[in-house]
Number of protein chains: 2
Amino acid sequence: MLIADGEGLQQFKRHQHLARAGEAQDTIYRVEAGWACRYRMLRDNRRQITALFLPGDYCEPHWLFSAEVHHPVVALTDLRVRRIPLQEIRDVPVAQYENVRSVLRAILRSLHGQSDWIVSLGRKTALERLSSLLCEIFDRLRSGDQVLDNQCAMPLTQHDLADIVGLTPVHVNRVLQVLRARGLIELSARWMRLPDPEALRKLG
Amino acid sequence: MLIADGEGLQQFKRHQHLARAGEAQDTIYRVEAGWACRYRMLRDNRRQITALFLPGDYCEPHWLFSAEVHHPVVALTDLRVRRIPLQEIRDVPVAQYENVRSVLRAILRSLHGQSDWIVSLGRKTALERLSSLLCEIFDRLRSGDQVLDNQCAMPLTQHDLADIVGLTPVHVNRVLQVLRARGLIELSARWMRLPDPEALRKLG
DNA sequence: CGGAAGCTTGATATAAGTCAAGATCCGTGG
DNA sequence: CCACGGATCTTGACTTATATCAAGCTTCCG
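As the structure is a computational prediction, the values presented were derived from the model and not from experiment.

J.: Sorry if this is basic, but what is going on with the overall build of chain A here?
T.: When helices and strands are counted, chain A shows six helices and 12 strands. Rg of the C-alpha trace for chain A: 18 Å, near the compact-globule value of 17 Å for 204 residues, within the 12% margin. Seen along its three principal axes, the alpha-carbon backbone of chain A occupies a region of about 55 × 40 × 30 Å. The buried share among the 204 residues of chain A stands at 50%. A sequence separation of at least 24 residues applies to 68% of the contacts in chain A between residues at least 6 apart.

J.: Is there a simple way to explain the protein's contact with DNA strand D in this structure?
T.: Neighbouring DNA strand D are 16 residues, the closest being Ala126 of chain A together with Arg14, Gln158, Asn173 and Gln177 of chain B. Close to the protein, within 4 Å, the atoms of DNA strand D belong to sugar or phosphate groups at a rate of 70%. Measuring from a phosphate oxygen of DNA strand D, one finds a side-chain N or O atom of Arg14 of chain B at 2.5 Å. Taking Gln158 of chain B, its side chain carries an N or O atom lying 2.7 Å from a phosphate oxygen of DNA strand D. Breaking the surface near DNA strand D down by element, the ones donating at least two residues are helix 5 (169–181) of chain A together with helix 5 (169–181) of chain B. Per-element tally for the surface near DNA strand D: the top contributor is helix 5 of chain B, with five residues.

J.: Help me understand the sheet that holds strand 8 (residues 73–75) of chain B, please; the structure alone is not making it clear to me.
T.: Consider a sheet: its strands pair through backbone hydrogen bonds, and that pairing is either parallel or antiparallel. Residues and elements named next belong to chain B. Strand order in the open sheet formed by four strands is 3-8-5-6, with antiparallel pairing between adjacent strands. Two strands lie at the open edges of the sheet, namely strand 3 (17–19) and strand 6 (47–53), each paired on one side alone. Neighbour-to-neighbour, the strand axes of this sheet turn through a mean angle of 35 degrees, independent of strand direction. With six bridges connecting them, strand 5 (residues 36–41) and strand 6 associate as antiparallel partners. For Tyr39, the partnering residue across the bridge sits in strand 6 and is Ile49.

J.: Looking at this structure, I do not really get the relation of the copies chain A and chain B. What am I missing?
T.: Taken together, a rotation about one axis and a shift along it account for how the two chain copies relate. By a simple turn and slide, chain A fits onto chain B: the slide is 0.0 Å along the axis, the RMSD is 0.0 Å, and the turn is 180 degrees. Within this description, the copies of the chain are treated as partners about a two-fold rotation axis. The overlap is high: 100% of the interface residues of chain A also sit at the interface in chain B, so the same surface is used on both sides.

J.: Sorry, what's going on with the interface of chain A and chain B here?
T.: Facing the 38 residues of chain A at the interface are 39 residues of chain B. When chain A packs against chain B, close to 3300 Å² is buried across both sides, 61% of that on carbon and sulfur atoms. Run the count over chain A and chain B and you get six salt bridges. One salt bridge connects Arg46 of chain B with Glu128 of chain A, and the closest N-O pair in it is separated by 2.9 Å.

J.: Hey, could you run me through the packing of helix 2 (residues 98–123) of chain A against helix 2 (residues 98–123) of chain B in this one?
T.: Packed helix pairs are specified by the crossing angle of their axes together with the interaxial distance, meaning the distance between the axes. At a minimum axis distance of 9 Å, the contact between helix 2 of chain A and helix 2 of chain B shows a crossing angle of 30 degrees. With respect to helix 2 of chain B, the axis of helix 2 of chain A lies roughly parallel. As for the relative orientation of helix 2 of chain A and helix 2 of chain B, their crossing is left-handed in sense. Residues Leu104, Ile107, Ser110, Leu111, Gln114, Ser115, Trp117, Ile118, Leu121 and Gly122 of chain A of helix 2 of chain A pack against Leu104, Ile107, Ser110, Leu111, Gln114, Ser115, Trp117, Ile118, Leu121 and Gly122 of chain B of helix 2 of chain B. Its residues assigned to classes, the contact of helix 2 of chain A with helix 2 of chain B comprises 12 nonpolar, eight polar and no charged.

J.: Would you mind going over the sheet that holds strand 11 (residues 186–188) of chain B with me for this structure?
T.: All names here are of chain B. Pairing is antiparallel across the open sheet formed by three strands, whose spatial order is 10-12-11. Unpaired on one side and paired on the other, strand 10 (151–153) and strand 11 mark the two borders of the sheet. Sheet twist, expressed as the average angle between the axes of neighbouring strands with direction ignored, equals 20 degrees. The pairing of strand 11 with strand 12 (residues 191–193) spans three bridges and is classified as antiparallel. Following the sheet pairing, Ser188 is matched in strand 12 by Trp191.

J.: Sorry if this is basic, but what is going on with the packing of aromatic side chains here?
T.: Each aromatic ring pair is characterised by the separation of its centres together with the angle its planes make. Using the criterion set out here, one finds two aromatic pairs over all chains in the structure. Between Phe12 of chain B and Tyr29 of chain B, the ring centres sit 6.3 Å apart and the planes meet at 85 degrees, which makes this aromatic pair edge-to-face. Taken together, the residues Phe12 of chain B in strand 2 (residues 9–12) and Tyr29 of chain B in strand 4 (residues 27–33) connect sequence positions 17 residues apart. Over the aromatic face of Tyr58 of chain A sits the side chain of Arg30 of chain A, whose NZ or CZ is 4.7 Å from the ring centroid. The ring of Tyr39 of chain B carries Arg47 of chain B above its face, with NZ or CZ at 5.8 Å from the centroid.

J.: What is the right way to read the state of the cysteines from this model?
T.: All names here are of chain A. Inspection of the entire model under this criterion finds zero disulfides over all chains. Counting only cysteine sulfurs, Cys59 is the nearest neighbor of Cys37, a cysteine outside any disulfide, at a range of 9.5 Å. What makes Cys59 buried here is its relative accessible area of 1%.

J.: Which parts of the structure should I look at to understand the pattern of salt bridges?
T.: Note that side chains of opposite charge can pair when their charged atoms are close. All chains considered together, the criterion is met by 32 salt bridges over all chains. The closest approach of N and O atoms between Arg142 of chain B and Asp139 of chain B, which form a salt bridge, is 2.9 Å. With Arg142 of chain B and Asp139 of chain B both in helix 3 (residues 126–142) and three residues apart, this pair spans about one turn of that helix. Looking at Asp139 of chain B, the relative accessible area reads 25%, which means it is partly exposed. Each of Arg47, Asp160 and Asp163 of chain A together with Arg123 of chain B takes part in a single network of salt bridges with overlapping partners.

J.: Would you mind showing me how to read the domain arrangement of chain A here?
T.: It is common to report an interface's size as the accessible area lost on association of the parts. Residue and element names in this part refer to chain A. The domain boundaries assigned to chain A delineate domain 1 (9–120) and domain 2 (125–203). A C-alpha centroid distance of 23 Å is found between domain 1 and domain 2. Between domain 1 and domain 2, the contact holds 14 residues from the first and 18 residues from the second. Its largest share of buried area at the contact with domain 2, domain 1 owes to Trp35, Arg47 and Ser120, together 37% of the area lost on that side. Where domain 1 touches domain 2, the interface holds three salt bridges. Ionic pairing is found between Asp163 and Arg47, a salt bridge with its closest N-O pair at 2.7 Å. Among the elements of the structure, strand 6 (47–53) and helix 2 are those that each provide at least two residues to the side of domain 1 that touches domain 2. If you tally residues by element for the side of domain 1 that touches domain 2, the top one is strand 6, at five residues. Its residues assigned to classes, the side of domain 1 that touches domain 2 comprises eight nonpolar, three polar and three charged.

Cut-offs applied
Residues numbered from 1 in each chain as written. Chains lettered and ligands numbered in written order. Predicted model: local features only at pLDDT ≥ 70, side-chain atom pairs only at ≥ 80, totals over all residues. Heavy atoms only, no water. Helix = DSSP H or I, 4+ residues; strand = E, 2+ residues; numbered from the N terminus. Rg over C-alpha atoms; globule rule 2.2 N^0.38 Å. Buried < 20%, exposed > 50% of the residue type's maximum accessible area, 1.4 Å probe, protein only. Contact = heavy atoms within 4.5 Å. Near = heavy atom within 4 Å. Polar contact = N/O pair within 3.5 Å; in protein donor to acceptor, adjacent residues only side chain to side chain. Pairing = 2+ DSSP bridges. Axes fitted to C-alpha atoms, helices over the stretch in contact; angles between N-to-C directions. Least-squares fit on C-alpha atoms with pLDDT ≥ 70 in both. Buried area = accessible area lost by both parts, 1.4 Å probe. Salt bridge = Lys/Arg side-chain N within 4 Å of Asp/Glu carboxyl O. Parallel < 35°, antiparallel > 145°, perpendicular 65-115°, else oblique. Left-handed = near helix turned anticlockwise from the far one by under 90°. Nonpolar A, V, L, I, M, F, W, Y, C, P; charged D, E, K, R; others polar. Phe/Tyr/Trp six-rings, centres within 6.5 Å; stacked < 30°, edge-to-face > 60°. Lys NZ or Arg CZ within 6 Å of the ring centre and 35° of its normal. Disulfide = S-S within 2.5 Å. Domains from an automatic or database assignment.

The following block contains the structure:
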């Protein structure tokens with residue numbers, strides 16, 4: 001099921017869970033390659049994704065302070081992560097609190113990111129939601145040097161996108177076509193190019 | 001403008017800001033009486049509320065770790081808060097970290113609460129959103145012993161409600177009438193009664 | 001090469017928004 | 001204490017964004 005190694009590396013296949021609701025975690029992760037998300041399911045199969053984890057991100061840094069898993073975390077693509085046992089962080093000598101600080105910063109980032117998603121879902125139009133999501137992804141990948149020539153990975157399914165922006169896959173499809181028609185995005189085979197990131201950002 | 005006193009108490013009038021975007025805060029607040037919220041405004045006057053602060057809540061506990069204000073905070077009613085200077089928390093002897101811990105718990109609570117709002121905004125129907133919001137308020141007030149006989153304060157305007165659940169004031173009005181018609185809520189003069197909280201919760 | 005997963009498209013349905021007017025509540029000043 | 005005016009709530013008619021259903025198409029992986 002899991003392939004671990006001496007360095008704390010671990011692999012998950014697409015759709016495999018890193019954490020299920022109700023579990024207690026004794027470790028957080030850092031994403032090395034691939035994408036994951038936190039989500040919640042309602043009775044009738046409606047799914048809403050509440051956080052996205054890209055390479056370089058901590059996955060659920062808040063587990064450091066509250067081990068209980070509220071929402072499940074699942075791999076959106078094949079995934080390679082590094083386990084960071086909580087004990088390892090806690091046991092560090094006080095002088096080296098830098099680890100804790102960096103986890104804390106990650107928690108604040110996610111708090112802030114979630115507020116933005118609330119604004120997006122509550123008050124933005126479909127076009128605006130998708131534009132700002134794509135920009136967010138682009139920016140986050142760029143800050144990890146994963147953008148070259150305005151191109152970056154885009155392994156999400158239109159269905160995944162729909163579950164982030166709170167729309168229907170069909171509608172996501174139509175909106176993406178509008179963005180394409182306006183020359184704001186180019187999508188193909190899991191890659192995305194933003195010819196003019198600023199123009200796209202202005203839509204959000 | 002502000003009326004402070006020796007105990008660190010401070011009053012705000014409805015619609016007065018506790019914090020504006022871009023400021024740096026040297027204090028967090030604890031709400032003593034009245035309600036406040038964090039929000040964000042888009043160009044064309046669309047407003048989305050991203051957090052609600054009720055009596056007993058810390059207001060923006062994360063300022064302890066990152067002083068910069070991203071989203072403004074405003075009083076939704078006349079408000080009485082107690083200032084908790086950040087230095088006061090930081091300077092505490094290591095043995096008494098309980099203060100920091102409680103602020104941290106508040107941060108995690110708000111992280112978790114925000115995820116729920118994302119789910120609500122992304123995937124729930126108007127009826128479900130309002131039901132679960134009213135339940136949330138009811139539960140939070142109850143945990144502070146502010147519910148008596150299934151009744152609690154409800155000083156929010158239908159316009160405020162709309163800005164929380166991402167709907168139009170007109171539509172909020174209609175949905176509230178449905179809930180009234182079904183005997184699930186009773187609203188009058190800033191008070192709310194939930195004859196059957198469980199039934200209401202089941203809608204969310 | 002076959003089949004499932006994902007994408008595209010069209011026709012139609014529905015939830016929620018917009019606009020507009022009237023009714024009600026409520027604090028304020030005279 | 002009353003009268004006024006603004007904020008809030010209510011209601012109706014109509015519009016629009018997004019969802020639903022359904023079918024065909026394309027891609028990709030085993």
